[in-house]
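Report on the structure
The chain contents come next:
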Amino acid sequence: MHGNPLVLVTGGAGFIGSHTCVELLAHDWDVVVVDDHSNSSPRALERIEAVARRKLRGAYAVDLLDRPALSAVFDAHPVDAVVHFAARKAVGESVRMPAEYYDTNIGATTALLRVMGEHDVRRLVFSSSCSVYGDAARQPVDERAPARPTNPYAQSKHLCETVIADVARRRPGFSALSLRCFNPIGAHPGGLLGEDPRGEPGNLLPYIAQVAVRRRDHVPVFGDDYATPDGTGVRDYTHVLDVAEAHRLALRHVADRPGATVYNIGTGRGTSVLDLIAAFGDASGREIPYRIEGRRPGDVATLVADAHAVRNAWGRHATRGIADMCRDAWTFQQRNPRGYADPTTRPPEPRQPA
Ligand code: UD1
């Protein structure tokens, strides 16, 4: 044993979770992952260790709704803080399956809060979403804008923030920070870690990447009649490395500030669907066929971050650009055309296990 602080990461094998684990391991946190692998591969865990060149302290295939199993993980490790990613996250699916989304996303969060309370763990970083703003009246949107979720996924994230704030008011010394992340994309630059959704991708960038490697024949563009410059949806795509770093810095924030806070994590720049397809085409040198289709229920026209609050608090905010995001996502997609299941890709052994 050594003296590093220990963080439990829920959803640590997922896209943002895995990159955050690497970031935390690189900054002398010990990391325990809890993930039910419902939308992630256990192989992501090997990749985390290979990229970070350190071992995880533990990894448990546990559904957060299984409180006794979750409690056993807290019994087994002296957890200092929790970073909570585990959730279902596809907007379209959430419109089709609202009960499942509320059950999983809110149930997981309340179970986690109860187990944290039972083990007197008082620091929580919650990975929330820009989607809580919904159809915000003004862009870019800051943290004071009212929450107006337009789909069950977004509503579930907002309800989780509310539950966390209520708990923070009641529990002495409890400190929580909810990060409203704006469309994380990209990958770790080495090509070992990236986004590997199961089945048909629910988000735009992985869809584009799978078209680029010809796993799918075209990108469906959901609507070209929005009030945006080219008619397609505009989002604040943010490099997953910047998002991962924000979660690490958030752990410093919750170390000494009781109460509940909310910060936007985004770049402040908007990119349309067609812009992103073109940028990925440039990064990959491949033609990306697309077809205009109808709007997707629950979508909004524009969502771009005002990132001043986090920049004022921490002296930095997400700055990597779209070209970097596309290049890194393309490197991952090329090296892992079928994701982590690809038999042709083997991660190197970690060189310095902790
Ligand atoms: C949503 C959430 C966001 C969250 C993310 C997590 C909203 C407004 N945002 O992002 O907070 O981080 O899910 O998964 O709810 N599109 C296509 N074709 C596709 C897929 C998407 O044209 O095949 C379009 C969408 O209409 C949208 C844009 O691409 O304009 C981005 O969509 P997506 O990647 O799914 O993310 P959001 O829905 O913005």
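Residues numbered from 1 in each chain as written. Predicted model: local features only at pLDDT ≥ 70, side-chain atom pairs only at ≥ 80, totals over all residues. Heavy atoms only, no water.

**Let's talk about the overall build of the protein**
Inclusion rule: A run of DSSP states H or I qualifies as a helix once it reaches four residues; a run of E qualifies as a strand once it reaches two. Both are numbered from the N-terminal end. Every radius of gyration here is taken over C-alpha atoms, with the globule rule written as 2.2 Å times N^0.38, N being the number of residues. Only protein chains enter the accessibility calculation, which uses a 1.4 Å probe; a residue is then buried when its area is under 20% of its type maximum, exposed when over 50%, and partly exposed in between. Contact criterion: two residues are considered in contact whenever any of their non-hydrogen atoms come within 4.5 Å of each other.
Helix and strand counts for the protein come out as 11 helices and 14 strands. Compactness check: the protein gives a C-alpha radius of gyration of 19 Å against a globular reference of 20 Å for 354 residues, within 12% of the reference. With the C-alpha coordinates of the protein rotated into their principal frame, the extents come out at 50 × 45 × 40 Å. The buried share of the protein, reckoned over its 354 residues, is 56%. Considering only contacts in the protein between residues 6 or more positions apart, those separated by 24 or more positions represent 81%.

**Describing the pairing of strand β6 (residues 175-181)**
Defined as follows: Classification remark: right-handed applies to a crossover when, strands pointing away from the viewer, the course from the first strand over the helix to the second runs clockwise. For two strands to pair, DSSP has to find at least two bridges joining them.
Among the 7 residues of β6, 7 are classified as buried, and the element is accordingly described as predominantly covered. Burial along β6 is two-sided: Ser175, Leu177, Leu179 and Cys181 facing one way and Ala176, Ser178 and Arg180 facing the other are all buried. For the crossover from strand β5 (residues 123-129) across helix α6 (residues 152-170) to β6, the handedness is right-handed. Note that β6 and strand β11 (residues 259-265) share 7 bridges and pair parallel.

**As for the site of the ligand**
The criterion, for reference: The criterion for a residue being near a molecule or strand is simple. One of its heavy atoms has to lie within 4 Å of it. We define a polar contact as two N or O atoms separated by no more than 3.5 Å, with the added condition that, inside protein, one atom must be a possible hydrogen donor and the other a possible acceptor, whereas residues neighbouring each other in sequence contribute only through side-chain atom pairs. Here the nonpolar group is Ala, Val, Leu, Ile, Met, Phe, Trp, Tyr, Cys and Pro; Asp, Glu, Lys and Arg are the charged ones; every other residue, Gly included, is treated as polar.
Of all residues adjacent to the ligand, which total 22 residues, the nearest are Ser129, Leu204, Pro220, Arg235 and Asp299. The separation between an oxygen atom of the ligand and a polar side-chain atom of asparagine 183 is 3.0 Å. Within the side chain of asparagine 203, an N or O atom sits 3.0 Å from an oxygen atom of the ligand. Of all the secondary-structure elements, those providing two or more residues to the shell around the ligand are α7 (204-212) and β8 (219-222). Examining the composition of the shell around the ligand, we find that 3 residues originate from one element, β8, more than from any other. Looking at the shell around the ligand residue by residue, the class counts come to 11 nonpolar, 7 polar and 4 charged.

**A short note on the confidence of the model for the protein**
Here is the rule: pLDDT measures how confident the predictor is about each residue, on a scale from 0 to 100.
This prediction gives the protein a mean pLDDT of 94; 96% of its residues lie at or above 70. Taken as a whole, residues 348-354 scores under 50 in pLDDT and shows 14 contacts with residues more than four places along the chain or in a different chain.

**Details of the sheet that holds strand β9 (residues 234-235)**
Within a sheet, each strand pairs with its neighbour through backbone hydrogen bonds, oriented either parallel or antiparallel. The mixed open sheet is built from 3 strands, whose spatial order is β12-β9-β14. Because the sheet does not close on itself, it has two edges, and the strands there are β12 (271-272) and β14 (302-303). Bridging between β9 and β12 involves 2 bridges; their strand directions are antiparallel. The residue of β12 that forms the bridge with valine 234 is serine 272.

**Focus: the environment of glycine 92**
Counting through the fold element by element, glycine 92 comes out in helix α4 (residues 91-96). Note: C-alpha distance between glycine 92 and glycine 199 (107 residues apart in sequence) is 14 Å.

**Focus on helix α8 (residues 240-253)**
Every α-helical turn comprises 3.6 residues, leaving residues that sit three or four positions apart pointing alike. This is how it is decided: A helix is expected to reach a length of 1.5 Å times the quantity of its residues less one.
When the terminal C-alpha atoms of α8 are compared, their 20 Å separation across 14 residues agrees well with the 20 Å that a helix rising 1.5 Å per residue should span. With respect to burial, α8 is a largely interior element, 13 of its 14 residues being buried.

**Let's talk about α7**
Of all 9 residues making up α7, 9 are buried, and the element is well covered by its neighbours. Those residues of α7 that fall on the buried side of the exposure criterion are Leu204, Leu205, Pro206, Tyr207, Ile208, Ala209, Gln210, Val211 and Ala212. Where α7 is buried, its residues touch β7 (184-185), β8, α9 (273-284) and α11 (322-335).

**Quick word on the sheet that holds β5**
Formally: Orientation is described by axes fitted as lines to C-alpha atoms, over the contacting stretch for helices, and by angles from 0 to 180 degrees between their N-to-C directions.
Across the sheet, which stays open at both edges, the 7 strands sit in the order β3-β2-β1-β4-β5-β6-β11 with parallel pairing between neighbours. At either margin of the open sheet sits one strand with a lone partner, and together these are β3 (58-60) and β11. The mean inter-strand angle of the sheet, taken between neighbouring strand axes irrespective of direction, is 15°. Contacts from α8 reach β1 (6-10), β4 (81-84), β5, β6 and β11, with the element oriented near 160° to β6.

**Description of the packing of α9 against α11**
Let me state the cut-off plainly: Put simply, angles under 35 degrees are roughly parallel, angles over 145 are roughly antiparallel, angles from 65 to 115 are roughly perpendicular, and the rest are oblique. Handedness of a crossing is defined here by the sense of rotation of the near helix relative to the far one, left-handed for an anticlockwise turn of less than a right angle and right-handed for a clockwise turn.
Contact pair α9 / α11: the axes reach a minimum separation of 9 Å and the direction vectors enclose 60°. In terms of orientation, α9 lies oblique with respect to α11. Judged by the twist between their axes, the crossing of α9 over α11 is right-handed. For the pair α9 and α11, contact is made by Leu276, Ala279, Phe280, Ala283 and Ser284 and by Ile322, Cys326, Arg327, Ala329 and Trp330, respectively. Among the residues making up the contact of α9 with α11, the classes are represented as 8 nonpolar, 1 polar and 1 charged.

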